[in-house]
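In case you want the letters, here they are:
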Number of protein chains: 2
Amino acid sequence: MSENPIDSINAVIEASVPALYGMGVRAAEARPGFAASTVPIEGNGNHFGAMYAGVLFSVAEVLGGVLAASTFDPTKFFPLVKDLQISFRKPATTDVRAEAQLDDETVQRATADAAANGKAEFVLDAVVTDAQGVTVATTHGIYQLRALRAS
Amino acid sequence: MSENPIDSINAVIEASVPALYGMGVRAAEARPGFAASTVPIEGNGNHFGAMYAGVLFSVAEVLGGVLAASTFDPTKFFPLVKDLQISFRKPATTDVRAEAQLDDETVQRATADAAANGKAEFVLDAVVTDAQGVTVATTHGIYQLRALRAS
């Protein structure tokens, strides 16, 4: 048996993006076309007792990477974020969970584009909810899938 | 002599937004209508050797608070971010600095609105530059200035 893919993704986050891991952001689910992530409220509060905006940004933004890891071939491609808009809907006062998905057509188009041109864009919309299921933030992100250079 | 206002602002960040302080985000300059902030690359890298997106978001987003602290009366008002769009222009591989400003007319309008209605919106555009002065990210943020409730 290979190790749990979520554990592998979190090990990569810990090793390569320590600021994100240090906030407590974790991949929670990852399969082709779907990803979820979580972050605790503990240590992540702000000046009015809600979760800091940069933590909400991060738990949503990371989904581009988590989803890419389970959707595209990580030996051929890596993702990067180009532009992200976040709307803060309600103060988050509990641990939160973010989710995002990509449809098959977008996955196939991005894979083909990145293979042919070295890069492709994909749009990812994420929803961040609190422990009661209330939407606390939504994001609209434009990511790029880059082909790894042959070495 | 009172203490340095920047030290006071950074003390508030440390006490009330520990995730932000932990990244190394610091207020660097603050006067009415102008604010600057910094964050080091050390500890803030990502999976391709540049500064993590959530750190770039945070060093820019914090300017809404830093600028508000030096522009509006903190005994009467506090700021919160409602919506922020960030565009990643170039990979940041050095410490970075963010700057933003508000013109007098906007400051006066927001102050009057918040005093009259309990809240006011203001738009803040920030620019994040690397050690060579290259723009690595720009943000367009919509903030709310909220009147503190009488207790």
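This write-up is about the structure you can find in this document. (Residues numbered from 1 in each chain as written. Chains lettered and ligands numbered in written order. Predicted model: local features only at pLDDT ≥ 70, side-chain atom pairs only at ≥ 80, totals over all residues. Heavy atoms only, no water.)

### Focus on the relation of the copies chain A and chain B
The two copies are related by a screw motion: chain A maps onto chain B through a turn of 180 degrees and a shift of 0.0 Å along the axis, at an RMSD of 0.0 Å. With respect to symmetry, the two chain copies, as superposed, fit the operation of a two-fold axis. For chain A, the minimum C-alpha distance to the rotation axis belongs to Gln85(A) and amounts to 2.0 Å. (Least-squares fit on C-alpha atoms with pLDDT ≥ 70 in both.)

### Side note on the interface of chain A and chain B
Listed as interface residues are 31 residues of chain A and, on the opposing side, 31 residues of chain B. Counting each side, the surface lost to burial between chain A and chain B is near 2400 Å², with a carbon and sulfur contribution of 60%. The three residues of chain A that bury the most area against chain B are His47(A), Tyr52(A) and Phe88(A), which together make up 22% of that side's buried surface. At the boundary of chain A and chain B, one finds 12 residue pairs in polar contact (both at pLDDT 80 or more). Of all elements in the fold, only helix H2 (18–23), helix H3 (53–61) and strand E3 (77–88) of chain A reach the threshold of two or more residues within the side of chain A that touches chain B. The element best represented in the side of chain A that touches chain B is E3(A), accounting for 11 residues. Looking at the side of chain A that touches chain B, its residues break down into 18 nonpolar, 10 polar and three charged. Sheet topology note: the E3(A)/strand E3 (residues 77–88) of chain B ladder contains five bridges and is antiparallel. In the strand pairing of E3(B), Ile86(A) is matched with Leu84(B). (Contact = heavy atoms within 4.5 Å. Buried area = accessible area lost by both parts, 1.4 Å probe. Polar contact = N/O pair within 3.5 Å; in protein donor to acceptor, adjacent residues only side chain to side chain. Helix = DSSP H or I, 4+ residues; strand = E, 2+ residues; numbered from the N terminus. Nonpolar A, V, L, I, M, F, W, Y, C, P; charged D, E, K, R; others polar. Pairing = 2+ DSSP bridges.)

### Some thoughts on the pairing of strand E6 (residues 135–147) of chain A
Residue and element names in this part refer to chain A. Bridging between E3 and E6 involves 11 bridges; their strand directions are antiparallel. The partner of Phe78 across the bridge, within E6, is Arg146. Between strand E5 (residues 119–129) and E6, which pair antiparallel and follow one another directly, the connecting turn spans five residues, one of which, Gly133, has a positive phi of 85 degrees.

### Things to note about helix H4 (residues 63–71) of chain A
Most of H4(A) is tucked away, with seven of its nine residues classed as buried. Turning to H4(A), its buried residues number three or more, namely Leu63(A), Gly64(A), Val66(A), Leu67(A), Ala68(A), Ser70(A) and Thr71(A). (Buried < 20%, exposed > 50% of the residue type's maximum accessible area, 1.4 Å probe, protein only.)

### Structural notes on the side chain of Thr94(A)
All names here are of chain A. Residue placement: Thr94 occurs in the loop between E3 and strand E4 (96–101). Among the polar contacts made by the side chain of Thr94, one reaches the main-chain amide nitrogen of Ala131 at a distance of 2.9 Å. When near neighbours in sequence (up to four residues on either side) are disregarded, Thr94 contacts Ile41, Met51, Asp130, Ala131 and Gln132.

### Points about the pairing of strand E2 (residues 34–39) of chain A
Residues and elements named next belong to chain A. For E2, a buried count of five out of six residues is recorded, marking the element as mostly surrounded by other parts of the structure. As defined by bridge partners, strand E1 (residues 26–31) adjoins E2 across five bridges and the pair is classed as antiparallel. Looking across to E2, one finds that Arg31 is bridged to Phe34. Between E1 and E2, which pair antiparallel and follow one another directly, the connecting turn spans two residues, one of which, Gly33, has a positive phi of 85 degrees. Here E2 pairs with E4 via six bridges, running antiparallel. Paired with Ala36 across the strands is Glu99, a residue of E4.

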